[in-house]
Amino acid sequence: MKKNPLDDILKTIEIHDEIIAQSTELDEKSKRAFLNFSAHINKLLSTQDVSKKLNSYQRKSATSEFLNYWNNTISPDTEKFWAEIDTNSIKIERKDPLKFALEKNRFRNVELGIGARKYWTKLRALKVMTDRFSKAEISKIDGIIMEDENKRIGILKKCLSKKSIPKSQYLKYGECMAYFANTGLFPKYMVESEVKELHRIWKNFKS
């Protein structure tokens, strides 16, 4: 019997909802937003008249927003989601940010760099990761994460020493501040007074 593509989408939403509900990585506000959105999509696709009228492109578009999250995050939740997708033999293309990092020797954006730095120690020990990546690839990701961290602390320390942010570095400076705030790494490199000075420099920046 030919598999109904709509069934795969509805199962994907079910997997999405289970992982979001059980997540220890997301706050309650984010969980509610995700679950409210997927409930809306589920209702739309489950309505018989509507589902008959939707072509494959429209069905894909209807689920693209929450799939965008799973394609653009690095976390244990993300790996659980895609593992369940594979277990259920659901054919959805994964745009894997870790494979992008391996190919380009960098993360696509600061949010992915943050996710990698926060969760990599936990992730690299998971069987699903050792199944997906060779020892050499895991070691390479180790290096990419460390290089990302070193570059970002280098930018902040340079600005700290000069007590200013170059105009060309303002956006990068903000990304670096977000990186260290969200990974909890400031104490590794700086004392509290230096972190306060970084915020003062940022606040007083004049374009």
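Here, the structure is the one placed above.
Definitions and limits used
Residues numbered from 1 in each chain as written. Predicted model: local features only at pLDDT ≥ 70, side-chain atom pairs only at ≥ 80, totals over all residues. Heavy atoms only, no water. Phe/Tyr/Trp six-rings, centres within 6.5 Å; stacked < 30°, edge-to-face > 60°. Buried < 20%, exposed > 50% of the residue type's maximum accessible area, 1.4 Å probe, protein only. Core = buried A, V, L, I, M, F, W, Y, C linked by side-chain atoms within 4.5 Å. Helix = DSSP H or I, 4+ residues; strand = E, 2+ residues; numbered from the N terminus. Contact = heavy atoms within 4.5 Å. Expected span 1.5 Å × (residues − 1). Axes fitted to C-alpha atoms, helices over the stretch in contact; angles between N-to-C directions. Parallel < 35°, antiparallel > 145°, perpendicular 65-115°, else oblique. Left-handed = near helix turned anticlockwise from the far one by under 90°. Disulfide = S-S within 2.5 Å. Salt bridge = Lys/Arg side-chain N within 4 Å of Asp/Glu carboxyl O. Nonpolar A, V, L, I, M, F, W, Y, C, P; charged D, E, K, R; others polar.

Novice: Help me out: how do you make sense of the packing of aromatic side chains in this one?
Specialist: Applying the stated criterion to the full structure yields 9 aromatic pairs. Relative to Trp70, the ring of Tyr69 lies with its centre 4.9 Å away and its plane at 75°, an arrangement referred to as edge-to-face. Overall, the relative accessible area of 1% leaves Trp70 in the buried class. On the basis of an interplanar angle of 85° and a centroid distance of 5.8 Å, the ring pair of Phe180 and Tyr189 is categorised as edge-to-face. The class for Phe180 is buried, based on a relative accessible area of 0%. Three or more aromatic residues joined by ring pairs form one cluster here, namely Phe34, Tyr69, Trp70, Phe81 and Trp82.

Novice: Can you help me understand the nonpolar core in this one?
Specialist: Side chains of nonpolar character tend, in soluble globular proteins, to be buried together. Formed by 20 residues in total, the largest nonpolar core has its most connected members in Leu156, Tyr173, Phe180, Phe186, Met190 and Leu198. If you list the elements that add at least two residues to this core, you get α7 (110-123), α9 (135-162), α10 (170-183) and α12 (192-203). In this view, Met190 contacts Ile153, Leu156, Lys157, Leu160, Val195 and Leu198; residues no more than four positions away in its chain are not counted. Core analysis: the second largest hydrophobic core is formed by 19 residues, Ile15, Ala62, Trp70 and Trp82 among them.

Novice: For this particular structure, what's the right way to read helix α5 (residues 76-87)?
Specialist: Structural remark: α-helix, 3.6 residues per turn; residues separated by three or four positions point the same way. Taking 1.5 Å per residue, 12 residues should reach 16 Å; α5 reaches 16 Å between its end C-alpha atoms and fits that length. Phi turns positive one or two residues past the end of α5, at Ser89, with a value near 55°.

Novice: Looking at this model, I keep getting lost on the packing of α7 against α10. Mind explaining?
Specialist: Describing two packed helices takes the angle between their axes plus the distance from one axis to the other. One can describe the packing of α7 onto α10 by two numbers: an axis separation of 10 Å at closest approach and a directional angle of 25°. When the axes of α7 and α10 are compared, the pair comes out roughly parallel. Two packed elements cross with a definite hand, and for α7 against α10 that hand is right-handed. On the side of α7, the interface is formed by Val110, Gly113, Ile114, Arg117 and Lys118, while α10 contributes Glu175, Ala178, Tyr179, Asn182 and Thr183.

Novice: For this particular structure, what's the right way to read the state of the cysteines?
Specialist: Each disulfide consists of a covalent bond between the sulfur atoms of two cysteine residues. Using the criterion set out here, one finds 0 disulfides in the structure. Take Cys159: it sits in no disulfide, and the sulfur closest to it among the cysteines is that of Cys176, at 8.1 Å. Judged by relative accessible area, which is 4%, Cys159 ranks as buried. Assessed through its relative accessible area of 0%, Cys176 is described here as buried.

Novice: Would you mind going over the environment of Ile201 with me for this structure?
Specialist: Take Ile201: it is sitting in helix α12. Discounting residues that sit within four places of it in the chain, Ile201 has contacts with Cys159, Leu160, Lys163, Ser164, Ile165 and Tyr173.

Novice: Explain the pattern of salt bridges here, please?
Specialist: As a working rule, side chains carrying opposite charge can pair if their charged atoms are close by. By the definition in use, this model includes 17 salt bridges. A salt bridge links Arg152 to Asp148, with the shortest nitrogen-to-oxygen separation between them at 3.1 Å. Highlighted residues: Arg152 and Asp148, both in helix α9, separated by 4 residues, approximately one helical turn. Residue classification places Arg152 among the buried positions, given a relative accessible area of 8%. Members of the salt-bridge network, linked through shared partners, are Glu79, Arg94, Asp96 and Arg132.

Novice: I'm lost on the packing of α9 against α10 in this one. Help?
Specialist: It is at 9 Å that the axes of α9 and α10 come closest, and there the two elements cross at 120°. α10 is crossed by α9, and the crossing has left-handed handedness. Across the interface between the two elements, Ile145, Asp148, Glu149, Arg152, Ile153, Ile155, Leu156 and Cys159 of α9 pack against Lys172, Tyr173, Glu175, Cys176, Met177, Tyr179 and Phe180 of α10. Its residues assigned to classes, the contact of α9 with α10 shows 10 nonpolar, no polar and 5 charged.

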